[in-house]
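Each chain is listed here by its residues.
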Amino acid sequence: MPWRIGIDEAGYGPNLGPFVMSAVACRVPEALLGANLWSTLRRLVRRAHHQADSRVLIDDSKKVYAGGKGLAELEIAALLALNTEVTTLEEILPLLSPACHAELQEECWFTGATPLPLAADADALPARAARWKEQCAQHEVVWLRPRSEIVCTPRVNALIDRHDSKGAVLALSFVRLVQALLEQAPDEDVYITVDKHGGRSYYAPLLQDAFADGWVVTREETQRQSTYEVLGLGRTVRITFRVEGDGSEMTVALASMVSKYAREALMGEWNAFWQKEVPGLKPTAGYPGDAQRFFGEIGPVVKRLRLSEEILWRKR
């Protein structure tokens, strides 16, 4: 059976905190390869414009969580996708991002001690998980555990220095995610949808790096959508970069929610660290404007702790 994979990110625009890109993959019968998974799983999932009910909300994370509202819905989808019982952030990260876990432990603000869930009803999660598995099994939809690339500020700045481009953070995270997922589905056809980012329409060189053993062929390159096929791998591998992919492909929407949830949990630890050092400090999401306010207020502590600006503030 083929694999449908969705990839999306959170935290590309901020000045502070980590960048997160996630991939969500499901194995489906041939009949569901081009199907709308929201419709197929309509008894299980709903979209943001649907009336609230007991179904799992899966949509573009910006429609699910905004202004501090919707964290519980964001968390429910992310934890169901992770398909494991956890009690702290530290327990999730080796499963979600094994390659980046050690990097996080080098951050002055990270502890991993944050108790989970953050906002969802812990007592209701087991029943939700059971229903998720049952409904997906009825349609022969099998989910892999999501995989994330978490890039903290020191590595963001190192990549910018090396490549003279912030886009290197997106590109290298994408390559690492794709390679990790393909190792888990070594012989089956793979169809990848990526939320199009950065205003670009040409991705062939990036994909050639990700698929060094194959030959990348361009099928379509427009402002709206760019599609490529990788030949020579003994199976079909097709990648589509699509504007608002998180609104048209459920796996991309779920990837956006996993990315946003991981970043929000990590930013909770970021803010807790600095609020302990600066009583009364208002938390930040790290985006331009408020990031300057926040960084100015923690400036004396940064100096006292002898921390370099390069490990806290992104160059671009």
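**Points about the environment of L44**
Inspection of the secondary structure assignment puts L44 in the loop between α1 (37–40) and β3 (45–46). Once the C-alpha coordinates of L44 and W313 are considered, the two residues, 269 residues apart in sequence, prove to be 41 Å apart. Here L44 is in contact with R55, V56, R131, W132, Q135 and C136, once residues within four sequence places are set aside.

**Considerations on the side chain of S173**
By the secondary structure assignment, S173 is in helix α8 (residues 167–184). A residue is classified by how much of its surface remains accessible, and S173, at 2% relative accessible area, is buried. Beyond its immediate sequence surroundings of up to four residues, S173 is in contact with F19, M21, E149 and V151.

**Comments concerning the pairing of strand β2 (residues 19–27)**
With eight of its nine residues buried, β2 lies for the most part within the structure. Of the strand pairs in this sheet, β2 and strand β6 (residues 147–151) are connected by five bridges, and their pairing is antiparallel. Each bridged residue has a counterpart across the sheet, and for F19 the counterpart in β6 is V151.

**Regarding the side chain of T284**
You can see T284 is positioned in the loop between α10 (250–277) and α11 (290–304). With relative accessibility at 6%, the residue T284 sits in the buried group. In this view, T284 contacts L16, M267, W270, N271, D290, A291, R293 and F294; residues no more than four positions away in its chain are not counted.

**Points about the pattern of salt bridges**
Pairing is possible between side chains that carry opposite charge, provided their charged atoms lie close to one another. Scanning all chains against the criterion turns up 21 salt bridges. As a salt-bridge pair, R155 and E103 come within 2.8 Å of each other at their nearest N and O atoms. With a gap of 52 residues between them, R155 in helix α7 (residues 153–163) and E103 in helix α5 (residues 101–105) connect regions that are remote in the sequence. For R155, a relative accessible area of 23% translates into the label partly exposed.

Calculation notes
Residues numbered from 1 in each chain as written. Predicted model: local features only at pLDDT ≥ 70, side-chain atom pairs only at ≥ 80, totals over all residues. Heavy atoms only, no water. Helix = DSSP H or I, 4+ residues; strand = E, 2+ residues; numbered from the N terminus. Contact = heavy atoms within 4.5 Å. Buried < 20%, exposed > 50% of the residue type's maximum accessible area, 1.4 Å probe, protein only. Pairing = 2+ DSSP bridges. Salt bridge = Lys/Arg side-chain N within 4 Å of Asp/Glu carboxyl O.

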